[in-house]
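# Geometric and topological summary
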Amino acid sequence: MINQKSVRLGSVRSVIRELFEYGKKRKAQIGEDNVFDFSLGNPSVPAPAAVREELISILSSCDPVEVHGYTSAQGDYACRAAVAEHINKNFSLSLSADNIYMTCGAAASLCITLNALLNAGDEVITIAPFFPEYRVFTEHAGGVLVPVLGEEGTFQPDIAAIRAAITPRTKAVLINSPNNPSGVVYTKKSIEQLCKVLQECKEMGQTIYLISDEPYRELVFGGVEVPYIMNYYAQSIVCYSYSKSLSLPGERIGYIAVCPDMNNAAEVYAAVCGAGRALGYVCAPALFQKLIARVADVLPDVSVYERNRDTLVAALTSYGYKVVRPDGAFYLFVRSPEPDSDAFAERAKKYELLLVSAKSFGVEGYVRVSYCVSPDMIARSLPAFAALADSYKK
Ligand code: PLP
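All of these numbers come straight from a predicted model, not from anything done at the bench.

## Notes on the domain arrangement of the chain
As far as domains go, the chain holds domain 1 (4-48 + 301-393) and domain 2 (49-295). Measuring from the centre of the C-alpha atoms in domain 1 to the corresponding centre in domain 2 gives 27 Å. Interface area lost by domain 1 to domain 2 is led by Pro 48, Asp 327 and Phe 361, which between them contribute 24%. At the boundary of domain 1 with domain 2, the tally comes to zero salt bridges. Secondary-structure elements contributing two or more residues to the side of domain 1 that touches domain 2 are α1 (4-11), α12 (303-318), β10 (331-335) and β13 (366-370). At four residues, β10 tops the list of elements feeding residues into the side of domain 1 that touches domain 2. Split by residue class, the side of domain 1 that touches domain 2 holds 19 nonpolar, five polar and six charged.

Put into structure tokens, the structure is as follows:
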């Protein structure tokens, strides 16, 4: 018999993918413009012009053998040095290239990090709502995911609940801010309090690593600060990706940054290299490593996402929906007017609105609206949101 866990994983689609596939069929039936697809988190703005220009320049001027060849397993030195310099400049730290490991995006960063840290049965605390793949990645690394509900209404980390969830098996706390699916950015106060708890554990002899999954770091509105965890806690690891910030999700490029102040930084970095090797990653795409070496400081234009956020928050609130106002990413968390968010998402389909029930994100009573779509589609979808709200008033 082959591995049945893998068969199960490969046989059932995620709720998000299921809805996306439904949307494709529905669009074929009634026309593209008549379905309001808020299911996927695929960036709707193109990669910045500087990214495209540098790519063309690399392809036309660099040695093709090198551009498409293997690199060092942990990534090309020039790329890692550029990433370290970017972090140091922005967050007043002193990382070197040897604290950086280039990966095939955030999913790979997380899988490698979890495999590097966990022994069988180790627990990983995460804050709900959370990206559903955390469970898959943690369990595949031999660990147990322990979701702890964020504070009702704000979805900031509930520090007392996190403290209560810590056991002798807790190996890591995994956070994601700006958050998928709530769009919430964890405040400086939340991060300080969380790190204080972890520091206390460390002083009592238990090292708990803080893993920060940051694909949405640059997607914030109105200058909101996203605290950099290495400035608060030494035993920290950042899992980064350019998928969302530079709109490159199909190119698979990101990195792991190991805090140099960690007391066992060299050992953890070696474990990251070992886990990447054992998982068969070999190296991150060479062309995109060359690109990142040139564009590590390029910032995205978030104006379309911000405009979409403002339009949706204003309109949905005026129709009577309760929403969590997001400061970042491109997701809006909307309270379901009925307790069962699956039933609400199902009813929304009758109005051709594709919304993701939040149960798979570990929270009851909400849906996720992914607004990385065209402003035009949002404008056309508003009467459907209004009619859906009205259907609960009758
Ligand atoms: N983490 C979070 C919170 C995400 O939302 C995603 C993708 O949507 C990922 C990780 C995976 O990102 P990547 O495409 O860079 O692997």
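## Quick word on the packing of helix α6 (residues 105-117) against helix α10 (residues 265-278)
Contact geometry of α6 with α10 gives a least axis separation of 8 Å together with a crossing angle of 120°. Read as a crossing pair, α6 and α10 show a hand that is right-handed. Between α6 and α10, the contacting residues are Ile 112, Asn 115, Ala 116 and Leu 117 on the first element and Val 268, Ala 271, Val 272, Ala 275 and Gly 276 on the second. Grouping the amino acids of the contact of α6 with α10 by side-chain chemistry returns seven nonpolar, two polar and no charged.

## Here's the deal with the sheet that holds strand β6 (residues 209-213)
The seven strands are arranged β2-β8-β7-β6-β5-β3-β4 in an open sheet whose pairing can be described as mixed. Each edge of the sheet is formed by a strand with only one pairing partner; in this case those strands are β2 (100-103) and β4 (144-149). On average, each strand axis in the sheet is inclined to that of its neighbour by 20°, with strand direction left out of account. When β6 meets strand β7 (residues 236-241), the two strands line up parallel, connected through four bridges. Counted as the bridge partner of Ile 211 is Ile 237 from β7. On the sheet, helix α7 (residues 133-140) packs against β3 (123-128), β4, β5 (170-176) and β6 and is oriented at approximately 145° with respect to β4. Sheet strands touched by α10: β2, β6, β7 and β8 (254-258). Its angle to β2, the strand with the most contacts, is close to 20°.

## Looking at the nonpolar core
Ile 87, Ile 100, Ile 175, Leu 210 and Tyr 255 are the most contacted members of the largest nonpolar core, which has 95 residues in total. Per-domain counts for this core show at least three residues from each of domain 1 (4-48 + 301-393) and domain 2 (49-295). In this structure Leu 210 touches Val 173, Ile 175, Leu 194, Cys 195, Leu 198, Ile 229, Tyr 233, Gln 235, Ser 236 and Ile 237, once residues within four positions along its chain are discounted. Listed in part, the 36 residues of the second largest apolar core include Phe 36, Tyr 321, Tyr 331 and Val 367.

## Thoughts on the pairing of β6
The element β6 is extensively covered by neighbouring structure, given that five of its five residues are classed as buried. Side-chain alternation along β6 places Tyr 209, Ile 211 and Asp 213 on one buried face and Leu 210 and Ser 212 on a second face that is also buried. Bridging between β5 and β6 involves five bridges; their strand directions are parallel. Paired with Asn 176 across the two strands is Asp 213, which belongs to β6.

## As for the site of the ligand
Around the ligand sit 14 residues in total, of which Asp 213, Tyr 216, Ser 241, Ser 243 and Arg 252 are the nearest. Ala 107 places a main-chain nitrogen or oxygen 2.8 Å from an oxygen atom of the ligand. Between the ligand and Asp 213 there is a distance of 2.6 Å, counted from a nitrogen atom to a side-chain nitrogen or oxygen. If the ligand stood free it would expose 390 Å²; the protein chains cover 91% of that surface. Top element by residues in the shell around the ligand is α6. It accounts for three residues. Residue classes in the shell around the ligand are distributed as six nonpolar, five polar and three charged.

Definitions and cut-offs
Going along each chain's sequence as written, the residues are numbered from 1 onward. Two thresholds apply to this predicted model, a pLDDT of at least 70 for residue-level local features and 80 or more for giving and counting side-chain atom pairs, whereas whole-chain, interface and lining totals are computed over all residues. With hydrogens and water set aside, each side-chain value is computed from the structure's full complement of heavy atoms. Bear in mind that the domain bounds are from an automatic or database domain assignment. What counts as buried area is the accessible surface, traced by a 1.4 Å probe, that two parts surrender upon association, with contributions from both included. Salt bridges, as used here, are contacts in which a Lys or Arg side-chain nitrogen is within 4 Å of a carboxyl oxygen on Asp or Glu. Runs of H or I in DSSP of at least four residues are treated as helices and runs of E of at least two as strands, each being numbered from the N terminus. Here the term charged refers only to Asp, Glu, Lys and Arg, the term nonpolar to Ala, Val, Leu, Ile, Met, Phe, Trp, Tyr, Cys and Pro, and the term polar to all other amino acids, Gly among them. Axes here mean lines fitted to C-alpha atoms, for a helix over just the part in contact, with angles spanning 0 to 180 degrees between N-to-C directions. Left-handed describes a crossing whose near helix is turned anticlockwise from the far helix by less than a right angle; the clockwise case is right-handed. Working rule for contacts: check all heavy atoms of both residues, and any pair within 4.5 Å makes them a contact. A pair of strands counts as paired when DSSP detects no fewer than two bridges linking them. Nonpolar core, defined: a set of buried Ala, Val, Leu, Ile, Met, Phe, Trp, Tyr and Cys residues in which side-chain atoms within 4.5 Å join the residues together. Each residue is assigned to one of three classes by its accessible area relative to the maximum for its type, calculated with a 1.4 Å probe on protein chains only: buried under 20%, partly exposed between the two thresholds, exposed over 50%. We define proximity as follows: a residue is near a molecule or strand when any one of its heavy atoms falls within 4 Å of that partner. Each polar contact in these results corresponds to two N or O atoms within 3.5 Å; when the atoms are within protein, one needs to be able to donate a hydrogen and the other to accept it, and residues that are neighboring in sequence are counted only if both atoms are side-chain atoms. Exposure was quantified through the Shrake-Rupley algorithm and a 1.4 Å probe, taking into account, for residues, occlusion by the shown protein chains and nothing else.

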